[in-house]
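The lines below spell out each chain.
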Amino acid sequence: MRILLLTHNYEPELGAPQQRWGAFVRRFRERGHHVTVVTPPPHQPRELLIDDSAYPRPGQVHLGRYGEVVHRAHFRTQGHALGTRIVDQVVTAADTTRLSIQRLHRHRPDVVVATAPAIPTLGSGAVVAAALRAPLVTEMRDAWPDLLAVANEWDEDAVPPGRVRALVHSQLIRAASVGMSTIQRRSAAVITTTDTFAETLRDRGLTEVHVIRNGAHPVPRYPRHLPRVPDGELHVLYLGTVGRAQGLGAAVLAARQAHNAGVPVRLRIVGAGAEYEAVAEMAAKGDVPIEMVGQVPRHEVAEHYAWADTLLVHLRPWPALSVTVPSKLYEAMSIGLHITGVVDGEAARIIRETRAGATLSPGDPDALAELWAKMVADPTSLAVGPEASRWTQVHADDDSLATRYLAVLERIARRRG
């Protein structure tokens, strides 16, 4: 097959979407498929740990790590404010559309895959698929358009002051919601990463919905977690995106409450994102033992896992997030690291059913502080059995996921042919 992937995030950037598609593209290429990727150069602020002399430039075409052909689209340098990110995504989507149609019309793809959460990428995918007369597969890695229901909580600049601007904002949100729903309905297939969001879409009348979860990617030099010898202190690690959906300010409050109650908890936050500076500012107040590390390259992840007693998986109490599962959950399960899951819905159910750790509902720092106090009092509660790792071998194995993804794409390509 000729597979065209449109994505706002791709290697050599760091992050869950990049790992997901790096794993898939590698396996698609190994099985003889031609993969073309249209994506901007790496440009996330303070989130890249690569030499910027090595960056590909907009307009360039080059071979990726697995032999895929990568076309680099234009972008706008973005900050962490929501407005700059939206502008960047719109600019990239527009140039992605232009590049795809201009350069690929002679060698039309058999299928176009557009992957979100960058909403404008879905619009680009719809236009490109129509222009190249190819079926469109939309991949919803987040619960769109459901997350738009809490758009006013994303960022301070999400709802500008003034009644007129607020009205314009609400109309834009409504238009985006209608647009995404329309694209989903007109797609040859919709891919989700969780069972619960797939069921939500089926309840809305979509019939061609498939679940292809995120993978439990191997951790370099760390195949299995070796618990620390108990020393009376609880090491809590957060490793991942420090963004709006994670709401890590509540974890900082919980760590402060535990500290004030005399509970020896040390919190380490490793990652980057839109709320990193705000969380770091909160963490710096007082003498609470909280470390803000920033983002680290993949080969340094092992040392942070080895330091940890439990991995914190934390989301805000937004209804749409109850149908999502953070990809870091699978990684921790695969190596047998205890999980503190401040999550609802499918993520909480997986943790409980596999005995991978402890769960509580988001939005309650007091309860989180109390849970950590119980872990300090009873270190044996941090033990994790083999069920969690076995679950990832069945449900989050990259080889199996790639095989299922290809089966969907091949069926759609044959239907088109």
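Residues numbered from 1 in each chain as written. Predicted model: local features only at pLDDT ≥ 70, side-chain atom pairs only at ≥ 80, totals over all residues. Heavy atoms only, no water.

Trainee: How do you make sense of the sheet that holds strand 4 (residues 69-72) when you look at a structure like this?
Mentor: Strand-to-strand pairing in sheets goes through backbone hydrogen bonds, with the strands running parallel or antiparallel. Strands sit in the order 3-4-2-1-5-6-7-8 across an open sheet of 8 strands; the sheet is mixed. Edge positions in the sheet fall to strand 3 (61-63) and strand 8 (209-211), since each has one partner strand and no second. Each neighbouring strand pair of the sheet contributes to a mean axis angle of 20 degrees, computed without reference to strand direction. Pairing of strand 2 (residues 34-39) with strand 4, which is carried by 4 bridges, proceeds in the parallel orientation. Within the sheet, the bridge partner assigned to Val 37 lies in strand 4 and is Val 70. Here helix 3 (residues 119-131) sits on the sheet and contacts strand 1 (2-6), strand 5 (111-116) and strand 6 (136-140); the angle it forms with strand 5, its principal contact strand, is near 170 degrees. (Pairing = 2+ DSSP bridges. Helix = DSSP H or I, 4+ residues; strand = E, 2+ residues; numbered from the N terminus. Axes fitted to C-alpha atoms, helices over the stretch in contact; angles between N-to-C directions. Contact = heavy atoms within 4.5 Å.)

Trainee: Help me understand the pairing of strand 12 (residues 310-314) in this model?
Mentor: As a general feature of sheets, a regular strand has side chains that alternate between the two faces. Counting buried residues in strand 12 gives 5 out of 5 residues, a clear majority hidden from the surface. Residues Thr 310, Leu 312 and His 314 point to one face of strand 12 and Leu 311 and Val 313 to the other, with burial holding for every one of them. Here strand 9 (residues 234-239) pairs with strand 12 via 2 bridges, running parallel. Paired with Val 236 across the two strands is Thr 310, which belongs to strand 12. Bridge count between strand 12 and strand 13 (residues 339-342): 4 bridges; the pairing is parallel. Bridging from a neighbouring strand, Leu 312 pairs with Thr 340 of strand 13. Of the crossover connections in this fold, the one passing from strand 12 over helix 9 (residues 327-335) to the parallel strand 13 is right-handed. (Buried < 20%, exposed > 50% of the residue type's maximum accessible area, 1.4 Å probe, protein only. Right-handed = clockwise from strand over helix to strand, strands pointing away.)

Trainee: Help me out: how do you make sense of the packing of helix 6 (residues 249-260) against helix 7 (residues 276-284) in this one?
Mentor: For any two helices packed against each other, the geometry comes down to the angle between their axes and how far apart the axes lie. Closest axis-to-axis distance for the helix 6/helix 7 pair is 9 Å, and the angle between their directions is 10 degrees. As far as their axial angle goes, helix 7 and helix 6 are roughly parallel. Two secondary-structure elements touch here, helix 6 through Gly 249, Val 252, Leu 253 and Arg 256 and helix 7 through Val 279, Met 282 and Ala 283. Taken together, the residues of the contact of helix 6 with helix 7 break down into 5 nonpolar, 1 polar and 1 charged. (Parallel < 35°, antiparallel > 145°, perpendicular 65-115°, else oblique. Nonpolar A, V, L, I, M, F, W, Y, C, P; charged D, E, K, R; others polar.)

Trainee: Would you explain the pattern of salt bridges in this entry?
Mentor: Once the charged atoms of two side chains with opposite charge are near each other, the side chains can pair. For the coordinates displayed, the defined rule picks out 20 salt bridges. With its nearest N and O atoms 2.9 Å apart, the salt bridge here joins Arg 20 to Glu 139. Taken together, the residues span a long stretch of sequence, with Arg 20 in helix 1 (residues 16-30) and Glu 139 in strand 6 at a distance of 119 residues. For the pair Arg 20 and Glu 139, one class covers both residues: buried. Across the pair Glu 233 and Arg 266 runs a salt bridge whose closest N-O atoms are separated by 3.6 Å. With Glu 233 in the loop between strand 8 and strand 9 and Arg 266 in strand 10 (residues 265-270), this residue pair connects regions lying 33 residues apart in the sequence. Residues joined in a network through salt bridges with shared partners are Asp 195, Arg 213, Glu 346, Arg 349 and Glu 353. (Salt bridge = Lys/Arg side-chain N within 4 Å of Asp/Glu carboxyl O.)

Trainee: Explain the sheet that holds strand 13 here, please?
Mentor: Taken together, 6 strands build an open sheet; the order of strands is 11-10-9-12-13-14 and the sheet is parallel. Each end of this open sheet is capped by a strand with a single partner; those strands are strand 11 (290-292) and strand 14 (357-360). On average, each strand axis in the sheet is inclined to that of its neighbour by 20 degrees, with strand direction left out of account. Here helix 7 sits on the sheet and contacts strand 10 and strand 11; the angle it forms with strand 11, its principal contact strand, is near 150 degrees. The strands that helix 10 (residues 345-354) touches are strand 13 and strand 14; relative to strand 14, the one it contacts most, it runs at about 145 degrees.

Trainee: What exactly am I supposed to notice about the nonpolar core here?
Mentor: Generally speaking, soluble globular proteins have nonpolar side chains that are buried together. Core analysis: the largest hydrophobic core is formed by 66 residues, its most contacted members being Tyr 305 and Met 333. With 5 residues, the top contributor of residues to this core is helix 9. Core analysis: the second largest hydrophobic core is formed by 30 residues, Leu 234, Tyr 238, Ala 254 and Ala 280 among them. (Core = buried A, V, L, I, M, F, W, Y, C linked by side-chain atoms within 4.5 Å.)

Trainee: What exactly am I supposed to notice about the environment of Ala 94 here?
Mentor: Positionally, Ala 94 belongs in helix 2 (residues 82-104). Sequence separation between Ala 94 and Val 127 is 33 residues, and the spatial gap between their C-alpha atoms is 10.0 Å.

Trainee: How should I be thinking about unusual backbone geometry in this particular structure?
Mentor: Most peptide bonds take the trans configuration, and most residues that are not glycine carry a negative phi. Looking along the chain, the bond that leaves Glu 11 and enters Pro 12 is cis, with omega of 10 degrees. With respect to the helices, strands and loops of the structure, Pro 12 is situated in the loop between strand 1 and helix 1. In this structure, Arg 133 takes a positive phi of about 55 degrees despite not being glycine. In this fold, Arg 133 is placed in the loop between helix 3 and strand 6. By relative accessible area, Arg 133 is classed as exposed at 56%. Look at Arg 355: it is not a glycine, yet its phi comes out positive at around 55 degrees. With respect to the helices and strands, the residue Arg 355 is situated in the loop between helix 10 and strand 14. What makes Arg 355 exposed here is its relative accessible area of 59%.

Trainee: Explanation requested: the side chain of Asp 95 in the structure shown.
Mentor: Along the chain, Asp 95 falls in helix 2. At 2.7 Å, the side chain of Asp 95 and the side chain of Arg 98 are in polar contact. With sequence-adjacent residues up to four places away left out, Asp 95 is seen in contact with Ala 73 and His 74. (Polar contact = N/O pair within 3.5 Å; in protein donor to acceptor, adjacent residues only side chain to side chain.)

Trainee: Help me understand the packing of aromatic side chains, please; the structure alone is not making it clear to me.
Mentor: How two aromatic rings sit relative to each other is set out by the distance from centre to centre and by the angle between their planes. By the definition in use, this model includes 8 aromatic pairs. Between Trp 21 and Tyr 405, the ring centres sit 5.3 Å apart and the planes meet at 65 degrees, which makes this aromatic pair edge-to-face. Here Tyr 405 lies in helix 13 (residues 398-416) and Trp 21 lies in helix 1, a separation of 384 residues in the sequence. Centroid distance Phe 28 to Tyr 405: 6.1 Å. Interplanar angle 65 degrees. Geometry classified as edge-to-face. A residue pair is termed long-range when its members are at least 10 positions apart, and Phe 28 in helix 1 and Tyr 405 in helix 13 qualify at 377 residues. The same class applies to Phe 28 as to Tyr 405, namely buried. Here the aromatic residues Trp 21, Phe 24, Phe 28 and Tyr 405 are joined through ring pairs into a cluster of three or more. In this arrangement the basic side chain of Arg 268 is found over the ring face of Trp 307, its NZ or CZ atom lying 4.0 Å from the centre. (Phe/Tyr/Trp six-rings, centres within 6.5 Å; stacked < 30°, edge-to-face > 60°. Lys NZ or Arg CZ within 6 Å of the ring centre and 35° of its normal.)

These values are about where atoms sit, not about what they do.
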